[in-house]
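Understanding the architecture of this molecule
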Amino acid sequence: MTLRTKASGALACGAAGLLLALGAAAPAQAAGYRYWSYWEADGGKWSYANQGPATARPADGDAVGFRFALSEDSADATRPTAAPDFATVCGGVERSTGTKRIAVVVDFGTPQDAPAGETPPQEAPTTGCARVAENATAADALAAVAKPLRYDSSAMLCGIAGYPRHGCGEAVADSSSATGATAAPKAAEPSDGGPSAGLLVGGGAVLALGAAAVWKSRRRA
């Protein structure tokens with residue numbers, strides 16, 4: 001075998017190795033995330049809110065809901081199991097000057113949704129009528145009926161009434177598996193699902209070395 005043939009073979013092997021490395025490095029997509037989703041009443045049904053509870057400002061007579069569950073995204077998020085029934089929740093609460101009444105539903109989810117080592121505080125959803133200031137947010141209404149609340153540094157709602165005790169929106173490797181299996185946070189994955197810059201640079205070096213070997217073998221020949 002000539003030097004040129006050996007060098008060409010080395011280049012081909014390097015390229016093949018790079019492709020294998022890139023394929024192996026493609027991150028596995030998380031099957032879901034455990035988090036508190038926020039809902040608003042819409043025609044007697046729950047509708048996934050298009051903003052967070054810290055900025056939403058429901059009006060007097062509105063109902064808001066919170067559900068802890070394992071969901072892939074907003075399209076398959078699990079709704080609170082109690083209906084958004086303002087009349088039932090707030091029927092005996094009078095509105096006073098400068099305040100509004102918000103019906104709040106908190107659904108702690110199922111044991112299958114719970115993080116490892118924890119269980120929902122109760123099976124049935126809890127409800128409460130929050131009488132808050134007229135400019136209060138949904139988060140203010142929630143705090144009025146379901147303390148303590150827990151937030152992370154980015155103001156994401158992590159815990160309601162002390163549940164869960166730890167964690168905040170963890171990625172779960174397999175939504176059909178037992179509780180407790182988690183994957184790397186979604187933010188750590190490349191946004192386009194492609195290989196990392198380090199692998200591309202390293203792969204480029206492999207190809208460059210192979211090309212140099214071919215060039216040297218041609219000079220010697």
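Right above here is the structure, for reference.
Residues numbered from 1 in each chain as written. Predicted model: local features only at pLDDT ≥ 70, side-chain atom pairs only at ≥ 80, totals over all residues. Heavy atoms only, no water.

**Comments concerning the overall build of the chain**
Our working rule: Only runs of H or I of at least four residues qualify as helices and only runs of E of at least two qualify as strands under DSSP, and these elements are numbered from the N terminus. Relative accessibility decides the category of a residue: with a 1.4 Å probe and only protein chains considered, values under 20% of the type maximum give buried, values over 50% give exposed, and everything between is partly exposed. Any two residues whose heavy atoms approach within 4.5 Å at even a single point are treated as in contact. All accessible areas in this document rest on Shrake-Rupley with a 1.4 Å probe, and a residue is counted as covered only by the protein chains that are shown.
Secondary structure summary: the chain contains 4 helices and 8 strands in total. The linear arrangement of helices and strands in the chain, starting from the amino end, is α-β-β-β-α-β-β-α-β-β-β-α. Within the chain, the fraction of its 221 residues that count as buried is 33%. Taking contacts inside the chain between residues at least 6 apart in sequence as the whole, the part at least 24 apart equals 67%. Summed over all atoms, the accessible surface of the chain reaches about 12300 Å², with 55% contributed by carbon and sulfur.

**Brief notes about the environment of threonine 137**
Summarising the element assignment, threonine 137 is placed in the loop between β5 (126–133) and α3 (138–145). For threonine 137, a relative accessible area of 7% translates into the label buried. Here the alpha-carbon distance between threonine 137 and alanine 59, two residues 78 residues apart in the chain, equals 9.3 Å.

**Notes on the nonpolar core**
Proteins that are soluble and globular tend to have nonpolar side chains buried together. Stated formally: Buried residues of nine kinds, namely Ala, Val, Leu, Ile, Met, Phe, Trp, Tyr and Cys, make up a nonpolar core once their side-chain atoms join them within 4.5 Å.
Counting 22 residues, the largest nonpolar core has Trp36, Phe66, Val104, Val106, Leu142 and Ile160 as its most contacted members. Secondary structure elements with two or more residues in this core: β1 (32–42), β3 (62–71), β4 (99–107), β5, α3 and β7 (157–160). When near neighbours in sequence (up to four residues on either side) are disregarded, isoleucine 160 contacts Trp36, Phe66, Val106, Phe108, Leu142, Ala146, Pro148 and Leu149. Of all hydrophobic cores here, the second largest spans 14 residues; its members include Tyr35, Trp39, Phe86 and Ala171.

**Quick look at the pairing of β1**
The condition is simple: By definition, two strands form a pair when at least two bridges between them are found by DSSP.
Here β1 lies mainly inside the structure; 8 of its 11 residues are buried. In the sheet, β1 pairs with strand β8 (residues 171–172) via 2 bridges, with the strands oriented antiparallel. In the strand pairing of β8, tyrosine 33 is matched with alanine 171. Bridging between β1 and β3 involves 8 bridges; their strand directions are antiparallel.

**Notes on the state of the cysteines**
As a reminder, the rule being used: Working definition: a disulfide is two cysteine sulfur atoms within 2.5 Å of each other.
Tallying each qualifying case throughout the model produces 2 disulfides. With a sulfur-sulfur separation of 2.1 Å, cysteine 90 is cross-linked through a disulfide to cysteine 129. Disulfide cysteine 90-cysteine 129: the torsion about the S-S bond is 110°, which places it as right-handed. Of the two residues, cysteine 90 sits in helix α2 (residues 86–90) while cysteine 129 sits in strand β5, which places them 39 residues apart along the sequence.

**So, unusual backbone geometry**
In the segment running from lysine 147 into proline 148, the intervening peptide bond is cis, with an omega of -5°. By the element assignment, proline 148 lies in the loop between α3 and β6 (149–151). In this chain, tyrosine 163 is followed by proline 164 through a cis amide linkage whose omega measures -15°. Locating proline 164 in the fold gives a position in the loop between β7 and β8.

**Some thoughts on the pattern of salt bridges**
Side chains bearing opposite charge may pair, as long as their charged atoms lie close to each other. To keep it simple, the criterion reads: Here a salt bridge means any side-chain nitrogen of Lys or Arg lying within 4 Å of a carboxyl oxygen belonging to Asp or Glu.
Applying the stated criterion across every chain yields a total of 6 salt bridges. When the shortest N-O distance is used, the salt bridge between aspartate 60 and arginine 101 registers 3.0 Å. Note that aspartate 60 is positioned in the loop between β2 (45–48) and β3 and arginine 101 in strand β4, a separation of 41 residues in sequence. Residue class for aspartate 60 comes out partly exposed when judged on its relative accessible area of 25%. Look at arginine 101 and you get buried, because its relative accessible area is 16%. The salt bridge involving arginine 67 is made with aspartate 107; its shortest N-O contact spans 3.5 Å. Residue arginine 67 is found in strand β3, and its partner aspartate 107 is found in strand β4; the two are separated by 40 residues along the sequence. The network of salt bridges with shared partners includes Asp60, Arg95, Arg101 and Glu134.

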